[in-house]
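Chain and residue survey
Each chain, letter by letter, is given below.
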Amino acid sequence: KQVHGDHVLYVDASWKGRGFYDYDTAVDDTDALFTDEKDVLMATFYADCLPLAIFHPKLKLLGMAHAGWKGTYQNIGASLIKAMQERYGFEPQELWCATGAAIGPCCYQVDESFYRRFLEKYDEADEWFIGAEEGKYRFDNEKANVALLQKVGVKKENISVLGLCTACHDDLFFSYRKGAGRTGRHGLWGALI
């Protein structure tokens with residue numbers, strides 16, 4: 001039950017089956033999950049928001065986050081990494097990260113107040129926007145998340161970027177914006193094996 005927040009939850013075998021057959025049993029108010037246990041299949045869902053996957057190859061840790069603009073603003077990627085670090089103690093440069101399909105700046109127009117909100121919080125935020133018509137901007141959520149991952153210490157060469165826009169590729173992915181709110185969800189599924 002994702003809420004566009006930054007709550008992170010560790011899951012183990014005791015969480016298996018939650019939300020699989022019935023939405024009422026899904027994990028409440030959580031936008032990022034991580035595990036160190038094999039055969040625990042995690043799933044997060046999207047329809048324009050950015051899927052983030054974070055993996056520690058030596059410690060065998062897997063994390064997944066749902067980074068819509070609100071999650072990005074709250075820096076959910078860093079929250080996920082911090083929660084993983086608190087439990088296992090490692091350096092962020094040891095991580096491998098990947099993004100999935102999300103609405104791109106080609107289709108994600110925002111207003112001046114949205115733009116200003118990010119500029120007030122993040123010094124480098126101006127690089128995440130492209131000017132459009134007067135008072136309008138195009139937001140690159142994927143670029144923002146990559147920059148925020150690097151800011152906490154993930155190496156640029158350890159971040160794989162998919163770069164596919166959900167609105168441009170609505171034959172492959174769901175897009176909340178393109179569907180005017182009437183759409184399905186695609187998922188990011190991950191497990192350690």
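Residues numbered from 1 in each chain as written. Predicted model: local features only at pLDDT ≥ 70, side-chain atom pairs only at ≥ 80, totals over all residues. Heavy atoms only, no water.

The next subject is the sheet that holds strand β8 (residues 129-131). Sheet architecture is open: three strands sit in the order β7-β9-β8, paired in antiparallel fashion. Each having just a single partner strand, β7 (109-111) and β8 make up the two edges of the open sheet. Mean inter-strand twist for the sheet, computed between neighbouring axes without regard to direction, equals 40°. Note: β7 against strand β9 (residues 136-139), three bridges, orientation antiparallel. (Pairing = 2+ DSSP bridges. Helix = DSSP H or I, 4+ residues; strand = E, 2+ residues; numbered from the N terminus. Axes fitted to C-alpha atoms, helices over the stretch in contact; angles between N-to-C directions.)

A separate point is the state of the cysteines. What the rule picks out here adds up to zero disulfides. Distance from the sulfur of C97, which forms no disulfide, to the nearest cysteine sulfur (C49) is 18 Å. We note that C106 lacks a disulfide partner, and the nearest cysteine sulfur, in C168, lies 3.6 Å from it. (Disulfide = S-S within 2.5 Å.)

Take the packing of aromatic side chains next. Summed over the entire model, instances satisfying the criterion amount to 20 aromatic pairs. On the numbers, 5.2 Å between centres and 80° between planes, the contact of Y73 with F118 is edge-to-face. Here Y73, found in helix α1 (residues 69-73), pairs with F118, found in helix α3 (residues 112-121); they are 45 residues apart in sequence, far enough to count as distant. Residue F118 is classed as buried on the basis of its relative accessible area of 0%. A connected cluster of aromatic rings, assembled from ring pairs, spans W69, Y73, Y108, F114, Y115, F118, Y122, W128, F129, Y137 and F139. The lysine or arginine in question, R87, covers the ring of Y10, its NZ or CZ lying 3.5 Å from the ring centre. Here the guanidinium or amino end of K121 rests over the ring plane of Y73, the centre of that ring lying 4.4 Å away. (Phe/Tyr/Trp six-rings, centres within 6.5 Å; stacked < 30°, edge-to-face > 60°. Buried < 20%, exposed > 50% of the residue type's maximum accessible area, 1.4 Å probe, protein only. Lys NZ or Arg CZ within 6 Å of the ring centre and 35° of its normal.)

Strand order in the open sheet formed by six strands is β1-β2-β5-β4-β6-β10, and the pairing between neighbours is mixed. Only two strands of the sheet have a single partner each, and these edge strands are β1 (8-10) and β10 (159-160). Across four bridges, strand β2 (residues 32-35) lies against strand β5 (residues 61-67) in antiparallel orientation. Note that in β5 the partner of A32 across the bridge is A65. Together, β1, β2, β4 (50-56) and β5 form the strand contacts of helix α2 (residues 76-88), whose direction differs from that of β5 by roughly 155°. The strands that helix α4 (residues 141-151) touches are β4, β5, β6 (96-99) and β10; relative to β4, the one it contacts most, it runs at about 25°. (Contact = heavy atoms within 4.5 Å.)

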